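A closer look at the structure
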Amino acid sequence: MMAVAICEDEGYILEELRKKIEKYMNSKSLPVSIKTFTSGEELLKEKEKFDIVLLDLMLPGIHGLEVARQISGRSQVIFITSYREYAVEAFDVNAVHYLVKPVTEERLFRALDRAVNQTEKVDNQALTIIKNGKTQVIFIRDIFYCEVFNHQVRIHTVHGTYDYLGTLDMLDSLLDERFFRCHRSYVVNMNYVAGQEKGVAILTNGERIFISRRKQTDFMQRLLNFFKNEVI
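Everything numeric in this text was worked out from a predicted model, so none of it was measured. (Residues numbered from 1 in each chain as written. Predicted model: local features only at pLDDT ≥ 70, side-chain atom pairs only at ≥ 80, totals over all residues. Heavy atoms only, no water.)

Helix and strand content of the protein: seven helices and 15 strands. Relative to a compact globule of 232 residues, whose C-alpha radius of gyration would be 17 Å, the protein shows 20 Å and is just as compact. Each principal axis of the C-alpha atoms in the protein carries an extent, and together these give about 60 × 40 × 30 Å. The buried share of the protein, reckoned over its 232 residues, is 46%. If you take every contact in the protein between residues at least 6 apart in sequence, the share linking residues at least 24 apart comes to 50%. Counting only carbon and sulfur atoms, one obtains 49% of the accessible surface of the protein, whose full area is about 12400 Å². If the 31 positive side-chain charges of the protein are averaged to one point and the 32 negative ones to another, these points end up 5 Å apart. (Helix = DSSP H or I, 4+ residues; strand = E, 2+ residues; numbered from the N terminus. Rg over C-alpha atoms; globule rule 2.2 N^0.38 Å. Buried < 20%, exposed > 50% of the residue type's maximum accessible area, 1.4 Å probe, protein only. Contact = heavy atoms within 4.5 Å. Areas by Shrake-Rupley, 256 points an atom, 1.4 Å probe, with all protein chains shown as cover. Lys, Arg positive; Asp, Glu negative; His and termini not counted. Charge placed at Lys NZ, Arg CZ, Asp CG, Glu CD.)

Encoded structure:
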């Protein structure tokens, strides 16, 4: 299921975009869930993670660029605006496309092609580990966290635990922006962090991961950026 958000304060444009997105997803045989928002604040309060966000720049309250900065790394952002002059700033926050109103179906569909391709690319990223002559493919999206102990790297996933001889530094270099090095012995997938307390990260599966004292401020900022809700 492709999760899409539209953040647009003009009702008729919002509805037009929703219909075009449904038409596009139907043409690609992609099941889709679409949620609509009329301000950046509403979108940032939403706890659901979106694969694609169509975002107006000039919104009431918080500016669209700031919204994009806060969801960067979590969603593929397509800006939709009447203003051409923000294009450079838009790509600084890793937008996949920048569309100037009025948005034609053809231009929107090209932008959605790019966003869907990027989403699928991220979902299919994988690691390959070889141990005792056996090869194991691990999808990055399935990793809860990774740890190292006595030169043994252990990767904890939704499907089980895998280990091999190596270094956490090397593994960390292969991971993407979903992951945070919260301790010299741990790298955690922020998508599976449910909260934080007393120097530990609490994962959605109930496990608790140490956060070093010097990383706690950075961890809290990453947590706020990923989940956009208040953390105790």
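What follows deals with the packing of aromatic side chains. In this structure the tally under the stated criterion is seven aromatic pairs. A centroid spacing of 5.9 Å and a plane angle of 55 degrees characterise the contact between phenylalanine 180 and phenylalanine 219, whose relative ring orientation is tilted. Taken as a pair, phenylalanine 180 in strand 11 (residues 179-183) and phenylalanine 219 in helix 7 (residues 216-227) lie far apart in primary sequence, 39 residues in all. Judged by its relative accessible area of 0%, phenylalanine 219 is buried. Centre to centre, the rings of tyrosine 186 and phenylalanine 210 are 6.4 Å apart; their planes meet at 55 degrees, and the pair counts as tilted. You can see tyrosine 186 sitting in strand 12 (residues 186-189) and its partner phenylalanine 210 sitting in strand 15 (residues 208-210), a full 24 residues away along the chain. (Phe/Tyr/Trp six-rings, centres within 6.5 Å; stacked < 30°, edge-to-face > 60°.)

Looking along a regular strand, one sees side chains alternate from face to face of the sheet. Here strand 5 (residues 97-100) shows no split at all, with His97 and Leu99 on one side and Tyr98 and Val100 on the other all buried. Pairing between strand 4 (residues 76-81) and strand 5: four bridges, direction parallel. Along strand 5, the bridge assignment pairs threonine 81 with valine 100. (Pairing = 2+ DSSP bridges.)

What follows deals with helix 1 (residues 11-27). Side chains that are three or four residues apart share a direction in an α-helix, a result of its 3.6 residues per turn. Its 17 residues give helix 1 an end-to-end C-alpha distance of 25 Å, which sits within 8% of 24 Å, the value for a rise of 1.5 Å per residue. Ile13, Leu14, Leu17, Lys20, Ile21, Tyr24 and Met25 are the residues of helix 1 that are buried. Each buried residue of helix 1 lies within a common arc of 135 degrees when the element is viewed along its axis, so the set occupies one face. Opposite the buried face of helix 1, by more than 90 degrees, sit the exposed residues Gly11, Tyr12, Lys19, Asn26 and Ser27. (Expected span 1.5 Å × (residues − 1). Arc of directions from axis to C-beta.)

The subject of this paragraph is the sheet that holds strand 5. Strand order in the open sheet formed by five strands is 2-1-3-4-5, and the pairing between neighbours is parallel. Looking at strand neighbours, the two that pair on one side only are strand 2 (32-37) and strand 5, the edges of this open sheet. Sheet twist, expressed as the mean angle between neighbouring strand axes with direction ignored, is 15 degrees. Bridge count between strand 3 (residues 52-56) and strand 4: five bridges; the pairing is parallel. Bridge assignment links valine 53 to a residue of strand 4, and that residue is valine 77. Relative to strand 1 (residues 2-7), helix 1 is tilted by about 160 degrees, and along the sheet it contacts strand 1, strand 2, strand 3 and strand 4. Along the sheet face, helix 3 (residues 64-71) touches strand 3 and strand 4 and points at about 160 degrees away from the line of strand 3. (Axes fitted to C-alpha atoms, helices over the stretch in contact; angles between N-to-C directions.)

Here we come to the pattern of salt bridges. Summed over all chains, the structure comprises 18 salt bridges. Glutamate 15 is the partner of arginine 18 in a salt bridge, and the nearest nitrogen-oxygen pair spans 2.2 Å. Separated by three residues within a single helix, arginine 18 and glutamate 15 lie in helix 1, roughly one turn from each other. Linking lysine 28 and aspartate 113 is a salt bridge whose minimum nitrogen-to-oxygen distance equals 3.6 Å. (Salt bridge = Lys/Arg side-chain N within 4 Å of Asp/Glu carboxyl O.)

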